[in-house]
Amino acid sequence: MACSGNNDEMEANEEHAQLATNVSIFSSKENQKEWLLLADTVNFADLQSATLNNPFLNLKQNGEDSARITGKVGSFDYTKHLVSIEGNARIESLAENLVISANCFLYNIDTDQIWSNGKTIVTRGNASITAKNGIVTDSQLNTIEFKKQSTRLPDSIQDFKQK
């Protein structure tokens, strides 16, 4: 599965849709949710994957919200355990206080890995880094691997200091 950037297939399948509204899909381990995927509407017409409108993927660490990924459309591939969120896709890290934006993010549930394949911007405060070929990270966003990056330095030395 890859980010398509094209909604034609989704629109063509809407007349054969098996739509559900306000859907939540989640995984639990030891009575704690590991992740929670919400969407305004979900099309279950395809037996291999679901098509999501306005997806919201909430990632958790030790039962607490740690990050969220949002976008305009997405899909959940049942067999590959892969979530794709695209269209002004955005990751907000609650623990690391940063925002990552790209056209599309992919999340592999089995490996707990998030990545993007195109221009991705990581912002914390007034500093931003652009990864021209995307990023790779885990769901906790503790370590982010940048592919072909460029950095915009803050306007003052004060912006480097932790608040």
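Quantities reported herein were computed from a predicted structural model and do not represent experimental measurements. (Residues numbered from 1 in each chain as written. Predicted model: local features only at pLDDT ≥ 70, side-chain atom pairs only at ≥ 80, totals over all residues. Heavy atoms only, no water.)

S.K.: Help me understand the overall build of the chain in this model?
M.R.: Tallying secondary structure elements over the chain gives one helix and 14 strands in all. For the chain, the proportion of its 163 residues judged to be buried stands at 38%. For the chain, restricting intrachain contacts to residue pairs at least 6 apart in sequence, the fraction spanning at least 24 positions comes to 36%. Total accessible area computed for the chain in this model is approximately 9,500 Å², and 45% of it derives from carbon and sulfur atoms. (Helix = DSSP H or I, 4+ residues; strand = E, 2+ residues; numbered from the N terminus. Buried < 20%, exposed > 50% of the residue type's maximum accessible area, 1.4 Å probe, protein only. Contact = heavy atoms within 4.5 Å. Areas by Shrake-Rupley, 256 points an atom, 1.4 Å probe, with all protein chains shown as cover.)

S.K.: I tried to follow the packing of aromatic side chains on my own but got confused; where do I start?
M.R.: When we look at a pair of aromatic rings, we describe it by the centre distance and by the angle of the planes. A full pass over the atoms with the stated rule returns two aromatic pairs. Between phenylalanine 76 and tyrosine 78, the aromatic rings sit 5.7 Å apart at their centres with planes inclined by 90 degrees, giving edge-to-face as the arrangement. (Phe/Tyr/Trp six-rings, centres within 6.5 Å; stacked < 30°, edge-to-face > 60°.)

S.K.: What's the story with the environment of threonine 137 in this structure? I'm lost.
M.R.: Mapped onto the elements of the fold, threonine 137 is located in strand E12 (residues 135-138). The class for threonine 137 is buried, based on a relative accessible area of 5%. If near-sequence neighbours (up to four positions away) are discounted, threonine 137 is found in contact with Asp112, Gln113, Ile114, Asn142, Thr143 and Ile144.

S.K.: Any chance you could explain the pairing of E12 here in plain terms?
M.R.: Put simply, side chains in a regular strand alternate between the two faces of the sheet. Alignment of strand E9 (residues 113-115) against E12, held across three bridges, turns out to be antiparallel. Residue pairing in the sheet places glutamine 113 in a bridge with aspartate 138 of E12. Two elements, E12 and strand E13 (residues 144-146), share three bridges in a ladder whose sense is antiparallel. Residue pairing for E13: isoleucine 135 is matched across the bridge by phenylalanine 146. Between E12 and E13, which pair antiparallel one after the other, the connecting turn spans five residues, and leucine 141 there sits at a positive phi close to 60 degrees. (Pairing = 2+ DSSP bridges.)

S.K.: Teacher, can you tell me more about the nonpolar core here?
M.R.: Note on soluble globular proteins: their nonpolar side chains tend to be buried together. Counting 29 residues, the largest nonpolar core has Trp35, Leu57, Ile100 and Phe105 as the members making the most contacts within it. Of all elements in the fold, only strand E1 (19-29), strand E2 (32-43), strand E3 (49-53), strand E4 (56-61), strand E5 (64-70), strand E7 (82-93) and strand E8 (98-108) reach the threshold of two or more residues within this core. Broken down by element, this core gets its largest block of residues, five residues, from E8. (Core = buried A, V, L, I, M, F, W, Y, C linked by side-chain atoms within 4.5 Å.)

S.K.: When you look at the environment of leucine 141 in this model, what are you seeing that I'm missing?
M.R.: With respect to the element layout, leucine 141 can be found in the loop between E12 and E13. Counting along the chain gives 47 residues from leucine 141 to leucine 94, while the straight-line C-alpha distance between them is 9.7 Å. Sequence-distant contacts of leucine 141, defined by excluding residues within four places in its chain, comprise Ala67, Ile91, Ser93, Glu96, Ile100 and Ile114.

S.K.: Honestly, the pattern of salt bridges in this entry has me stumped. Any pointers?
M.R.: Side chains that differ in charge, positive against negative, can pair when their charged atoms come close. Enumeration over the complete set of coordinates arrives at three salt bridges. Two residues, aspartate 65 and lysine 60, come together in a salt bridge whose shortest N-O distance is 2.5 Å. Residue classification places aspartate 65 among the partly exposed positions, given a relative accessible area of 36%. (Salt bridge = Lys/Arg side-chain N within 4 Å of Asp/Glu carboxyl O.)

S.K.: Can you walk me through the environment of threonine 79 in this structure?
M.R.: With respect to the helices and strands, the residue threonine 79 is situated in the loop between strand E6 (73-77) and E7. Assessed through its relative accessible area of 58%, threonine 79 is described here as exposed. One polar contact links threonine 79 to glutamine 48, side chain to side chain, over a distance of 3.4 Å. For threonine 79, the side chain forms a polar contact with the side chain of aspartate 77, separated by 2.9 Å. (Polar contact = N/O pair within 3.5 Å; in protein donor to acceptor, adjacent residues only side chain to side chain.)

Worth remembering: the numbers are spatial, not functional.
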